[in-house]
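Here is what each chain is made of, one letter per residue.
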Amino acid sequence: MPQANIVMTKLAGRLDASVRKDAFSFLEKLSTEDTQRGLNIEPVKSAVDPKVRTGRVNLQYRAVLFKLTGDSIPTYVVYGIWNHDEAYEKAEKATLRVNPVNGIAEIRVVTEAESPSAPPRQPGRDDRVLRDAPPGFEQLPSQGGAYETAPPPTEAPAIVNAPQELVQAFDVTDGIAQCIVGLSRSELEAFVDTQPEWLGLALLELADGRPLTDVVATYRDDEFSKVTGADDASVLRGLHHPYAKLTFTQIEHNDEMAKVLEGDWKSWRTFLHPDQLRNVEQNNGGPARLTGGAGTGKTVVLVHRARRLCREAPRSRIALTTFTANLSRAMGGMLADLDSDLPRAKEIGQSGILVAGVDSLVRAVLRKAGQDIETDVAAVLGHGRTEIKPASGDSEWRNALEGEGSDLPPALRNTAFLKAEYQNVILPSRIDSREGYLRARRPGRGVRLGRLQREAVWRVVTAYRGATRVAGTVDFAEAAAIAAEHLRRTSTTLIDHLLVDEGQDLSAVQWQFLRAVTARGKNDMFIAEDAHQRIYGRRVVLGHYDINVRGRRSATLRLNYRTTRENLRFGLDILGQESFVGLADDPETTSGYRSARSGPTPQMMPVDSLGEELNNAADLIRKWTTDAEADGLPPESIAVLVRGTQQRDRVVNGLAERGVEVRAVDRDVVQAGAPVVMTMHRAKGTEFSRVLLFGVNDRSVPISMGEYTWSDEDKHDALLRERSLVYVAATRARDELVCSWSGAASPLLPGEAS
């Protein structure tokens, strides 16, 4: 039974690896018996806060703590661990209190900066010194070097409110308020790293143009704002404020303590921001949608929401699904890490939580249907049969085009156009005849087809369907349509609560299937999407498939937990001024997206040849491997991302020739022990501490658009997906991001880089 409660700040996790073992031992003993002789817990005479204590971690390091005695056993709030002299200096100036405006527990540091005449502080990143750059970084052509994110010196102040308004709104001193109003956006982003997390986020929202009254209301909670002061009882209550959890973590067992001390770069997936918690707990009368940029925690919300629904109704049938099997496996692992005791379903239709890709759910429904699908196959394909095997490739389309495609205009004489027409028009509309296709509406297809052209298309489709009938095969889209038709015909539902991740990548027939397999009712469908990350297929509108998520049924997350501000800005600059539209047929904007973390500026490494690029990559991976070890991170926290599989294998072999071991990742999960190399598509849903985007030149990114010559609209949509792909790749980097290329840079990179 613990004899003391332990609460830790994020700062307490920023430790050198050599100190973590002693720190864990110290905190473990503290929770067991805080009067143990070796802990040396003592007050600091000159401290501004009488609650401050220090404790001996080892001969060199001391912990700075706040001792609260309002409960039956004491609570120690661990501010941080520093070298002996620095720890006492920190302890003298730190105070733990409850903000009188909103009731949030916070640590404020009394410094000269609180004087009205003092200049604003200009802190470094986490007060850490960046290591020396590897070869290839020192002298780069003017095209390379650091990606320029800093605004010009003449930039206007980021916050235009009067200082006195900020004093009243956030209870900062007049001197600090005057400093804030005078800062540019870049200076403000440096400044907020010195403030309590909730205050830093509030200031960034003001800088984004949100009204002060709205910002104040966001962080105010009537239940907590009535409690103010610095006494122990008030602080203990303030630690439970939803926004206090941005800074403070209640340690309930040693595993949590170890994660915080290790600076676990995935721990953001476990702890919920109030906006995330709201979406976890909210009940909806029907389908609901959650949007948000990369790293905002949409998947986190889905996993926590699945756990909440399961706990409330253990007998309910819950499914977590997404576009790819890799992502579904990742969600399954996250769910197990969050709560390994949750009941897990092994098959669709069973109670508990089932985690599986959409195609896997489709196959499960077809297996259950057995021989009773002949009518459903006929409704979808125009002919009945009971044998359906997965297709192995596009050979049937190529053969059909070669045999029956001579009447097609040259621009339409390719399998890309025909498959898109088939999957986006013919299958969703259940067209099974020439007459049906001649009458069909084709919204969003980007090219008009006259009667003769439609007849030519249908002849190819007929030849394709004839060949697959003989072979007994169906492709993924046909399988989803058949499964949806079977569920509709038999009035069968197998899921009570469906949670969908990466919804922007799903096709029309997949949405038809998901609507059919899920029983209608309270909390029936919860869909997470990001239009800026659509890298597969064409955009669809959920309202066309009887899934209404407009208006109050949609919410947005804008706080990025994974990526630093610098990396996030680089990623958003990749998106540029393009227009993106979500599943509710509404425009999606990146306005207001912000990051809770800062870090180094992304680096650019242009060279003249592939050999030079591989040399630089080898040097960089060696350096990063050393840095990761020093930070206590595994080598697989380092990734090299490339455009395609051939390039991936070339990089793996090239680095091996230079004495650097890396591992190619395809459909398998990331294994421990070495940095990884994977395609940008495969990287979807992953995160790494350090990322190298390799080969980002104008020859590989974007890929050739030759097969999209039939339509300017389709070509633009394909280019939009390529832009989104680079954005996805860049935002896999949690801390450090480097882009390299030989020859001319990709036109999709931001202007300062390319």
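Residues numbered from 1 in each chain as written. Predicted model: local features only at pLDDT ≥ 70, side-chain atom pairs only at ≥ 80, totals over all residues. Heavy atoms only, no water.

Remarks on the overall build of the protein
A count of helices and strands for the protein gives 25 helices and 27 strands. On C-alpha atoms alone, the protein measures out to a radius of gyration of 28 Å, which is about the 27 Å that the 2.2 N^0.38 rule sets for 754 residues. Seen through its principal axes, the protein has C-alpha atoms that stretch 90 × 60 × 50 Å. Each of the 754 residues in the protein was classed as buried or not, and the buried ones make up 56%. Nonlocal contacts in the protein, meaning residues at least 24 apart in sequence, comprise 75% of its contacts between residues at least 6 apart. Carbon and sulfur atoms form 47% of the exposed surface of the protein, whose accessible area is close to 31,700 Å². Charge-centre separation for the protein: the mean point of 95 positive side chains lies 5 Å from the mean point of 103 negative side chains. (Helix = DSSP H or I, 4+ residues; strand = E, 2+ residues; numbered from the N terminus. Rg over C-alpha atoms; globule rule 2.2 N^0.38 Å. Buried < 20%, exposed > 50% of the residue type's maximum accessible area, 1.4 Å probe, protein only. Contact = heavy atoms within 4.5 Å. Areas by Shrake-Rupley, 256 points an atom, 1.4 Å probe, with all protein chains shown as cover. Lys, Arg positive; Asp, Glu negative; His and termini not counted. Charge placed at Lys NZ, Arg CZ, Asp CG, Glu CD.)

Quick word on the side chain of Asp 359
Checked against the element boundaries, Asp 359 lands in helix 14 (residues 358–369). Despite its burial, Asp 359 pairs with no opposite charge, the nearest such side chain being Arg 363 at 5.4 Å. (Salt bridge = Lys/Arg side-chain N within 4 Å of Asp/Glu carboxyl O.)

Overview of a negative patch on the surface
A cluster of acidic residues, Asp 85, Glu 86, Glu 89 and Glu 92, forms a negative patch at the surface. Among the secondary structure elements, Glu 86 is positioned in helix 2 (residues 84–93). (Patch = residues over 30% accessible without salt bridge, like charges linked within 9 Å, V, L, I, M, F, W, Y side chains within 5 Å.)

Remarks on the nonpolar core
Among the nonpolar cores identified, the biggest contains 73 residues, and Ile 348, Trp 511, Phe 513 and Leu 514 are the most heavily contacted of them. When residues of this core are assigned to their parent elements, the largest contribution, 8 residues, is made by helix 20 (residues 476–490). Apart from the residues lying within four places of it in its own chain, the contact partners of Trp 511 are Val 500, Gly 503, Leu 506, Met 525, Ile 527, Val 540, Leu 542, Tyr 545, Ile 547 and Leu 583. Core analysis: the next-biggest nonpolar cluster, separate from the first, contains 54 residues, Leu 68, Ala 94, Ala 158 and Val 167 among them. (Core = buried A, V, L, I, M, F, W, Y, C linked by side-chain atoms within 4.5 Å.)

A closer look at the environment of Gly 751
In this structure, Gly 751 sits in the segment after strand 27 (733–742). Accessibility expressed as a relative area gives 62% for Gly 751, which makes it exposed. For the pair Gly 751 and Gln 60, spaced 691 residues apart in the sequence, the C-alpha separation amounts to 48 Å.

A few points about the sheet that holds strand 5 (residues 75–83)
As a general point, the strands of a sheet are linked pairwise by backbone hydrogen bonds and lie either parallel or antiparallel. Read across the sheet, 6 strands follow the order 2-3-4-5-1-9 without closing on themselves; strand pairing throughout is mixed. Both edges of this open sheet fall to strand 2 (42–43) and strand 9 (248–251), since each of them pairs with a single strand only. Judged from the 4 bridges that link them, strand 1 (residues 5–9) and strand 5 form a sheet pairing that is parallel. Note that in strand 5 the partner of Met 8 across the bridge is Val 78. Strands in contact with helix 2 are strand 2, strand 3 (52–56), strand 4 (61–68) and strand 5; relative to strand 5, the strand with the most contacts, it is inclined by about 135 degrees. (Pairing = 2+ DSSP bridges. Axes fitted to C-alpha atoms, helices over the stretch in contact; angles between N-to-C directions.)

Quick look at the side chain of Glu 736
As for its position among the elements, Glu 736 is in strand 27. Judged by its relative accessible area of 18%, Glu 736 falls in the buried class. A distance of 3.2 Å separates the side chain of Glu 736 from the side chain of Arg 690, its partner in a polar contact. Once residues within four sequence positions are removed from consideration, Glu 736 is found in contact with Asn 567, Pro 600, Trp 624, Ser 689, Arg 690 and Val 691. (Polar contact = N/O pair within 3.5 Å; in protein donor to acceptor, adjacent residues only side chain to side chain.)

Topic: unusual backbone geometry
Put simply, Val 701 and Pro 702 share a cis peptide bond, and its omega is 5 degrees. With respect to the secondary-structure elements, Pro 702 resides in the loop between strand 26 (688–693) and helix 25 (712–730). Of note in the backbone geometry, Asp 171 takes a positive phi value of approximately 55 degrees without being a glycine. With respect to the element layout, Asp 171 can be found in the loop between helix 3 (163–170) and helix 4 (174–181). A relative accessible area of 25% places Asp 171 in the partly exposed class.

Concerning helix 5 (residues 185–192)
Listed as buried for helix 5 are Arg 185, Leu 188, Glu 189, Phe 191 and Val 192. Taken end-on, helix 5 shows its buried residues confined to a sector of 160 degrees, consistent with a single buried face. (Arc of directions from axis to C-beta.)

Quick word on the confidence of the model for the protein
For the protein, the mean per-residue pLDDT works out to 88, and 90% of the residues sit at or above 70. Between residues 113–143, whose pLDDT stays under 50, and residues either more than four places distant or in other chains, the model counts 59 contacts. (pLDDT = per-residue confidence, 0-100.)

Considering the environment of Arg 643
With respect to the secondary-structure elements, Arg 643 resides in the loop between strand 23 (638–642) and helix 24 (645–657). Look at Arg 643 and you get buried, because its relative accessible area is 13%. The residues contacting Arg 643, other than those within four sequence positions of it, are Thr 679, Met 680, His 681, Ser 700, Val 701, Ile 703, Glu 722 and Leu 725. Of note is the side chain of Arg 643, whose polar atom sits 2.7 Å from the side chain of Glu 722.

Comments concerning the pairing of strand 15 (residues 497–500)
A two-sided burial pattern is seen for strand 15, the buried positions comprising His 497 and Leu 499 on one face and Leu 498 and Val 500 on the other. Alignment of strand 11 (residues 317–321) against strand 15, held across 4 bridges, turns out to be parallel. Within the sheet, the bridge partner assigned to Leu 320 lies in strand 15 and is Leu 499. Across 3 bridges, the pairing between strand 15 and strand 16 (residues 525–529) is parallel. Within strand 16, the position partnered with Val 500 by the bridge is Ile 527. A crossover links strand 15 with its parallel partner strand 16, the connecting element being helix 21 (residues 508–517), and its sense is right-handed. (Right-handed = clockwise from strand over helix to strand, strands pointing away.)

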